[in-house]
Amino acid sequence: MTEMMGKGPLALAGLLVLSAALGAGGVLAVQGLTAHTPDEAKIRGIVRDYVLENPEILPQAMERLKSRETGKVVGGNRAAIFKPYAGAWEGNPNGDVTVSVWMDYACTYCRASLPMIAQLVAEDPRVRIVYRELPILSQVSRTAARWGLAAAEQGKFKPFHIALYSGPALSDAAIAAAAAKAGLDQARARASIDAQRVDAEMASNLDLAGKLGMTGTPSWVIGDQVISGMVPYDALKAAVAAARSKK
(Lines give C-alpha, C1' and ligand atoms only; values in the text may rest on other atoms or scores of the structure.)
Protein backbone atom coordinates (compact mmCIF):
# COMPACT_ATOMS: atom_id res chain seq x y z
CA MET A 1 0.00 0.00 0.00
CA THR A 2 2.88 2.39 0.82
CA GLU A 3 4.33 1.90 -2.65
CA MET A 4 1.04 2.94 -4.23
CA MET A 5 0.91 6.34 -2.54
CA GLY A 6 3.05 7.90 -5.21
CA LYS A 7 0.83 6.69 -8.04
CA GLY A 8 -1.89 9.34 -7.92
CA PRO A 9 -4.78 10.41 -5.70
CA LEU A 10 -7.47 8.69 -7.74
CA ALA A 11 -5.84 5.29 -7.49
CA LEU A 12 -5.23 5.80 -3.78
CA ALA A 13 -8.83 6.87 -3.18
CA GLY A 14 -10.06 3.84 -5.05
CA LEU A 15 -7.89 1.53 -3.01
CA LEU A 16 -9.12 3.13 0.20
CA VAL A 17 -12.73 2.56 -0.85
CA LEU A 18 -12.03 -1.05 -1.71
CA SER A 19 -10.05 -1.58 1.48
CA ALA A 20 -12.84 -0.15 3.64
CA ALA A 21 -15.54 -2.13 1.88
CA LEU A 22 -13.76 -5.44 1.60
CA GLY A 23 -11.60 -5.50 4.70
CA ALA A 24 -8.17 -7.10 4.96
CA GLY A 25 -8.96 -9.68 2.30
CA GLY A 26 -9.83 -6.96 -0.15
CA VAL A 27 -6.58 -5.15 0.56
CA LEU A 28 -4.58 -8.28 -0.23
CA ALA A 29 -6.57 -8.89 -3.39
CA VAL A 30 -6.06 -5.35 -4.65
CA GLN A 31 -2.39 -5.46 -3.74
CA GLY A 32 -2.10 -8.67 -5.72
CA LEU A 33 -3.61 -7.00 -8.76
CA THR A 34 -1.49 -3.87 -8.50
CA ALA A 35 1.70 -5.87 -7.98
CA HIS A 36 1.34 -7.06 -11.56
CA THR A 37 -0.07 -3.77 -12.87
CA PRO A 38 2.41 -0.97 -12.16
CA ASP A 39 0.83 1.37 -14.72
CA GLU A 40 -1.40 3.99 -13.04
CA ALA A 41 -3.93 4.00 -15.89
CA LYS A 42 -4.44 0.26 -15.50
CA ILE A 43 -4.83 0.64 -11.75
CA ARG A 44 -7.46 3.32 -12.28
CA GLY A 45 -9.23 1.07 -14.72
CA ILE A 46 -9.30 -1.81 -12.26
CA VAL A 47 -10.69 0.40 -9.50
CA ARG A 48 -13.23 2.10 -11.79
CA ASP A 49 -14.51 -1.16 -13.23
CA TYR A 50 -14.84 -2.76 -9.84
CA VAL A 51 -16.76 0.18 -8.39
CA LEU A 52 -19.06 0.38 -11.43
CA GLU A 53 -19.79 -3.32 -11.21
CA ASN A 54 -20.29 -3.20 -7.43
CA PRO A 55 -21.73 0.26 -6.61
CA GLU A 56 -23.18 -1.05 -3.35
CA ILE A 57 -19.69 -1.03 -1.85
CA LEU A 58 -19.65 2.79 -1.72
CA PRO A 59 -22.23 3.26 1.07
CA GLN A 60 -20.80 0.16 2.77
CA ALA A 61 -17.35 1.69 2.66
CA MET A 62 -18.53 5.04 3.97
CA GLU A 63 -20.43 3.39 6.81
CA ARG A 64 -17.43 1.25 7.74
CA LEU A 65 -15.09 4.23 7.69
CA LYS A 66 -17.53 6.28 9.77
CA SER A 67 -17.88 3.45 12.28
CA ARG A 68 -14.12 3.08 12.50
CA GLU A 69 -13.59 6.79 13.15
CA THR A 70 -16.42 6.90 15.67
CA GLY A 71 -14.87 3.96 17.50
CA LYS A 72 -11.62 5.91 17.80
CA VAL A 73 -13.45 8.88 19.33
CA VAL A 74 -15.27 6.60 21.79
CA GLY A 75 -12.03 4.87 22.70
CA GLY A 76 -10.30 8.16 23.40
CA ASN A 77 -13.11 9.60 25.52
CA ARG A 78 -14.50 6.70 27.52
CA ALA A 79 -14.53 8.50 30.86
CA ALA A 80 -16.36 11.53 29.45
CA ILE A 81 -18.91 9.23 27.79
CA PHE A 82 -19.46 6.42 30.29
CA LYS A 83 -18.53 7.89 33.68
CA PRO A 84 -21.67 9.47 35.15
CA TYR A 85 -21.83 13.01 36.40
CA ALA A 86 -22.43 12.51 40.12
CA GLY A 87 -25.69 10.53 40.47
CA ALA A 88 -26.88 10.74 36.86
CA TRP A 89 -27.16 6.98 36.36
CA GLU A 90 -29.28 3.94 37.20
CA GLY A 91 -29.11 0.17 36.96
CA ASN A 92 -26.20 -2.03 38.01
CA PRO A 93 -23.26 0.11 39.26
CA ASN A 94 -20.92 -2.68 38.17
CA GLY A 95 -22.74 -3.53 34.96
CA ASP A 96 -20.77 -5.18 32.19
CA VAL A 97 -22.38 -2.90 29.57
CA THR A 98 -23.01 0.80 30.00
CA VAL A 99 -25.61 2.55 27.87
CA SER A 100 -24.80 6.25 27.67
CA VAL A 101 -27.97 8.10 26.66
CA TRP A 102 -27.85 11.78 25.68
CA MET A 103 -31.10 13.66 26.16
CA ASP A 104 -32.75 17.08 25.96
CA TYR A 105 -35.66 17.81 28.31
CA ALA A 106 -37.54 19.53 25.48
CA CYS A 107 -37.27 16.42 23.28
CA THR A 108 -40.52 14.47 22.86
CA TYR A 109 -38.61 11.45 21.54
CA CYS A 110 -36.50 11.44 24.71
CA ARG A 111 -39.69 11.43 26.76
CA ALA A 112 -41.04 8.54 24.66
CA SER A 113 -37.80 6.58 25.19
CA LEU A 114 -38.12 6.45 28.97
CA PRO A 115 -40.35 3.33 29.08
CA MET A 116 -37.81 1.45 26.93
CA ILE A 117 -34.97 2.44 29.25
CA ALA A 118 -36.99 1.33 32.26
CA GLN A 119 -37.77 -1.97 30.55
CA LEU A 120 -34.10 -2.56 29.73
CA VAL A 121 -33.06 -1.93 33.33
CA ALA A 122 -35.80 -4.24 34.60
CA GLU A 123 -34.99 -7.07 32.20
CA ASP A 124 -31.19 -6.85 32.13
CA PRO A 125 -29.60 -6.90 35.60
CA ARG A 126 -26.14 -6.47 34.10
CA VAL A 127 -26.71 -3.15 32.37
CA ARG A 128 -25.98 0.35 33.63
CA ILE A 129 -27.55 3.51 32.22
CA VAL A 130 -25.59 6.76 32.28
CA TYR A 131 -27.50 9.94 31.45
CA ARG A 132 -25.77 12.82 29.71
CA GLU A 133 -27.31 16.24 29.25
CA LEU A 134 -27.40 17.38 25.63
CA PRO A 135 -29.48 20.59 25.59
CA ILE A 136 -29.64 21.56 21.91
CA LEU A 137 -33.26 22.57 21.34
CA SER A 138 -33.75 25.79 23.30
CA GLN A 139 -32.51 28.10 26.02
CA VAL A 140 -34.91 26.55 28.50
CA SER A 141 -33.37 23.16 27.61
CA ARG A 142 -30.04 24.48 28.81
CA THR A 143 -31.59 25.72 32.04
CA ALA A 144 -33.25 22.34 32.59
CA ALA A 145 -29.96 20.52 31.93
CA ARG A 146 -28.22 22.59 34.60
CA TRP A 147 -30.95 21.71 37.09
CA GLY A 148 -30.58 18.06 36.09
CA LEU A 149 -26.89 18.18 36.96
CA ALA A 150 -27.67 19.95 40.23
CA ALA A 151 -30.16 17.17 41.03
CA ALA A 152 -27.46 14.58 40.25
CA GLU A 153 -25.15 16.24 42.77
CA GLN A 154 -27.85 15.83 45.43
CA GLY A 155 -28.46 12.17 44.56
CA LYS A 156 -31.91 13.04 43.20
CA PHE A 157 -31.33 12.91 39.47
CA LYS A 158 -33.86 10.18 38.70
CA PRO A 159 -36.76 11.75 40.66
CA PHE A 160 -36.10 15.11 38.99
CA HIS A 161 -35.66 13.49 35.57
CA ILE A 162 -38.94 11.58 35.81
CA ALA A 163 -40.84 14.53 37.30
CA LEU A 164 -39.74 16.88 34.52
CA TYR A 165 -40.43 14.44 31.68
CA SER A 166 -43.80 13.42 33.09
CA GLY A 167 -44.95 16.99 33.58
CA PRO A 168 -46.22 19.59 31.09
CA ALA A 169 -44.21 21.03 28.22
CA LEU A 170 -40.80 22.29 29.27
CA SER A 171 -40.79 25.75 30.81
CA ASP A 172 -39.23 27.55 33.75
CA ALA A 173 -42.37 26.78 35.75
CA ALA A 174 -42.14 23.08 34.87
CA ILE A 175 -38.51 23.01 35.99
CA ALA A 176 -39.40 24.61 39.32
CA ALA A 177 -42.25 22.16 39.84
CA ALA A 178 -40.04 19.16 39.07
CA ALA A 179 -37.32 20.41 41.43
CA ALA A 180 -39.87 20.78 44.21
CA LYS A 181 -41.39 17.35 43.52
CA ALA A 182 -37.93 15.73 43.58
CA GLY A 183 -37.20 17.40 46.92
CA LEU A 184 -34.15 19.37 45.84
CA ASP A 185 -32.43 21.72 48.22
CA GLN A 186 -33.25 24.85 46.23
CA ALA A 187 -30.46 27.05 47.59
CA ARG A 188 -27.85 24.38 46.98
CA ALA A 189 -29.22 23.70 43.49
CA ARG A 190 -29.14 27.39 42.53
CA ALA A 191 -25.51 27.55 43.59
CA SER A 192 -24.72 24.44 41.53
CA ILE A 193 -26.35 25.49 38.27
CA ASP A 194 -23.91 28.39 37.86
CA ALA A 195 -20.83 26.47 39.02
CA GLN A 196 -17.80 26.03 36.79
CA ARG A 197 -18.02 22.24 37.06
CA VAL A 198 -21.51 22.36 35.54
CA ASP A 199 -20.26 24.67 32.76
CA ALA A 200 -17.46 22.19 32.06
CA GLU A 201 -19.82 19.20 31.90
CA MET A 202 -22.18 21.00 29.52
CA ALA A 203 -19.32 22.11 27.26
CA SER A 204 -17.79 18.63 27.24
CA ASN A 205 -21.08 16.98 26.29
CA LEU A 206 -21.78 19.40 23.44
CA ASP A 207 -18.23 19.07 22.11
CA LEU A 208 -18.26 15.28 22.27
CA ALA A 209 -21.68 15.05 20.65
CA GLY A 210 -20.23 16.81 17.60
CA LYS A 211 -17.16 14.58 17.51
CA LEU A 212 -19.33 11.47 17.80
CA GLY A 213 -21.51 12.58 14.91
CA MET A 214 -24.72 12.76 16.93
CA THR A 215 -27.50 14.27 14.86
CA GLY A 216 -30.20 14.73 17.49
CA THR A 217 -31.69 13.49 20.72
CA PRO A 218 -31.93 11.00 22.14
CA SER A 219 -28.54 9.65 21.13
CA TRP A 220 -26.95 6.50 22.49
CA VAL A 221 -23.39 5.25 22.92
CA ILE A 222 -23.32 1.50 23.52
CA GLY A 223 -19.92 -0.14 23.31
CA ASP A 224 -18.27 1.57 20.36
CA GLN A 225 -21.57 2.15 18.57
CA VAL A 226 -23.27 5.55 18.35
CA ILE A 227 -26.97 5.66 17.51
CA SER A 228 -28.85 8.91 16.95
CA GLY A 229 -32.59 9.11 17.46
CA MET A 230 -35.26 7.03 19.10
CA VAL A 231 -34.81 3.32 18.41
CA PRO A 232 -37.10 0.30 18.84
CA TYR A 233 -36.59 -1.67 22.03
CA ASP A 234 -35.29 -4.68 20.10
CA ALA A 235 -32.61 -2.52 18.49
CA LEU A 236 -31.56 -1.24 21.91
CA LYS A 237 -31.30 -4.79 23.25
CA ALA A 238 -29.35 -5.88 20.16
CA ALA A 239 -26.84 -3.08 20.61
CA VAL A 240 -26.32 -4.09 24.24
CA ALA A 241 -25.88 -7.73 23.23
CA ALA A 242 -23.35 -6.72 20.55
CA ALA A 243 -21.34 -4.69 23.05
CA ARG A 244 -21.44 -7.57 25.54
CA SER A 245 -20.22 -10.07 22.95
CA LYS A 246 -17.05 -8.01 22.41
CA LYS A 247 -15.98 -8.14 26.04
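Quick look at the structure, then. Please read all numbers here as calculations on a predicted model, not as lab measurements. (Residues numbered from 1 in each chain as written. Predicted model: local features only at pLDDT ≥ 70, side-chain atom pairs only at ≥ 80, totals over all residues. Heavy atoms only, no water.)

**Brief notes about the packing of helix 6 (residues 139-153) against helix 10 (residues 196-211)**
What counts, and what does not: In this analysis an axis means a line fitted to C-alpha atoms, helices contributing only their contacting stretch, and an angle means the value between N-to-C directions, from 0 to 180 degrees. Segments assigned H or I by DSSP are reported as helices when at least four residues long, segments assigned E as strands when at least two residues long, and all are numbered from the N terminus. Every angle not falling under 35 degrees, over 145, or within 65 to 115 is termed oblique; those three ranges are roughly parallel, roughly antiparallel and roughly perpendicular. Take the far helix as your reference; a near helix turned counterclockwise from it by less than a right angle gives a left-handed crossing, and one turned clockwise gives a right-handed crossing. A contact between two residues is defined here by any heavy atoms of the two lying within 4.5 Å. Any residue that is not Ala, Val, Leu, Ile, Met, Phe, Trp, Tyr, Cys, Pro, Asp, Glu, Lys or Arg is counted as polar, Gly included; the first ten are nonpolar and the last four charged.
As a packed pair, helix 6 and helix 10 sit with axes 11 Å apart at the nearest point and diverge in direction by 120 degrees. As the angle between them shows, helix 6 and helix 10 are arranged oblique. Crossing hand, helix 6 versus helix 10: right-handed. Contact with helix 6, carried on its side by Arg-142, Ala-145, Arg-146, Leu-149 and Glu-153, involves Arg-197, Val-198, Asp-199, Glu-201 and Met-202 of helix 10 and no other residues of that element. Residues that form the contact of helix 6 with helix 10 fall into these classes: four nonpolar, no polar and six charged.

**Things to note about helix 5 (residues 108-123)**
The condition that has to hold: One fewer than the residue count of a helix, multiplied by 1.5 Å, yields its expected span. To get the bend at any residue, fit one axis to the seven residues that end at it and another to the seven that begin at it, then take the angle between the two axes. Accessible area is worked out with a 1.4 Å probe on protein chains only. A residue is then buried under 20% of its type maximum, exposed over 50%, and partly exposed in between.
With 16 residues, helix 5 extends 24 Å between its outermost C-alpha atoms, agreeing within 8% with the 22 Å of an ideal straight helix rising 1.5 Å per residue. The largest bend along helix 5 reaches roughly 30 degrees and is located at Leu-114, with the proline Pro-115 sitting one to four residues downstream. Within the sequence span of helix 5, burial applies to Cys-110, Ser-113, Leu-114, Met-116, Ile-117 and Leu-120. Contact partners of the buried residues in helix 5: strand 1 (89-91), strand 2 (97-103), strand 3 (127-133), helix 7 (157-166), strand 4 (219-222) and helix 11 (233-245).

**A few points about the environment of Lys-156**
Quick reminder of the rule: In protein, a polar contact means a hydrogen-donor-capable atom and an acceptor-capable atom, both N or O and within 3.5 Å, with residues adjacent in sequence counting only if both atoms are side-chain atoms; elsewhere, any N or O pair within 3.5 Å suffices.
As for its placement among the helices and strands, Lys-156 is situated in the loop between helix 6 and helix 7. Overall, the relative accessible area of 28% leaves Lys-156 in the partly exposed class. For the pair Lys-156 and Gly-183, spaced 27 residues apart in sequence, the C-alpha separation works out to 7.8 Å. Lys-156 has contacts with Ala-151, Ala-182, Gly-183 and Leu-184, leaving out every residue within four places of it along the chain. Of note is the side chain of Lys-156, whose polar atom sits 2.5 Å from the backbone oxygen of Gly-183.

**What about the packing of aromatic side chains?**
Note on aromatic pairs: each is described by the distance of the centres and the angle between the planes. What counts, and what does not: Stacked, tilted and edge-to-face are the three classes assigned to paired rings of Phe, Tyr and Trp, where Trp is represented by its six-membered ring and a pair needs centres within 6.5 Å; plane angles under 30 degrees give stacked, over 60 edge-to-face, the rest tilted.
Summed over all chains, the structure comprises three aromatic pairs. Aromatic pair Tyr-131 and Phe-157: ring centres 5.3 Å apart, planes at 40 degrees, arrangement tilted. One end of the pair, Tyr-131, is in strand 3; the other, Phe-157, is in helix 7, and 26 residues separate them in sequence. The pair Tyr-131 / Phe-157 is uniform in exposure class, with both members buried. In textbook terms, an aromatic cluster arises when at least three aromatic residues are bridged by ring pairs, as seen for Tyr-105, Phe-160 and Tyr-165.

**Quick notes on the side chain of Ser-192**
Inspection of the secondary structure puts Ser-192 in helix 9 (residues 186-193). Looking at Ser-192, the relative accessible area reads 3%, which means it is buried. Within the structure, the side chain of Ser-192 is placed 2.8 Å from the side chain of Glu-153, a separation counted as a polar contact. Leave out the neighbours within four places in its chain, and Ser-192 touches Ala-150, Glu-153, Arg-197 and Val-198.

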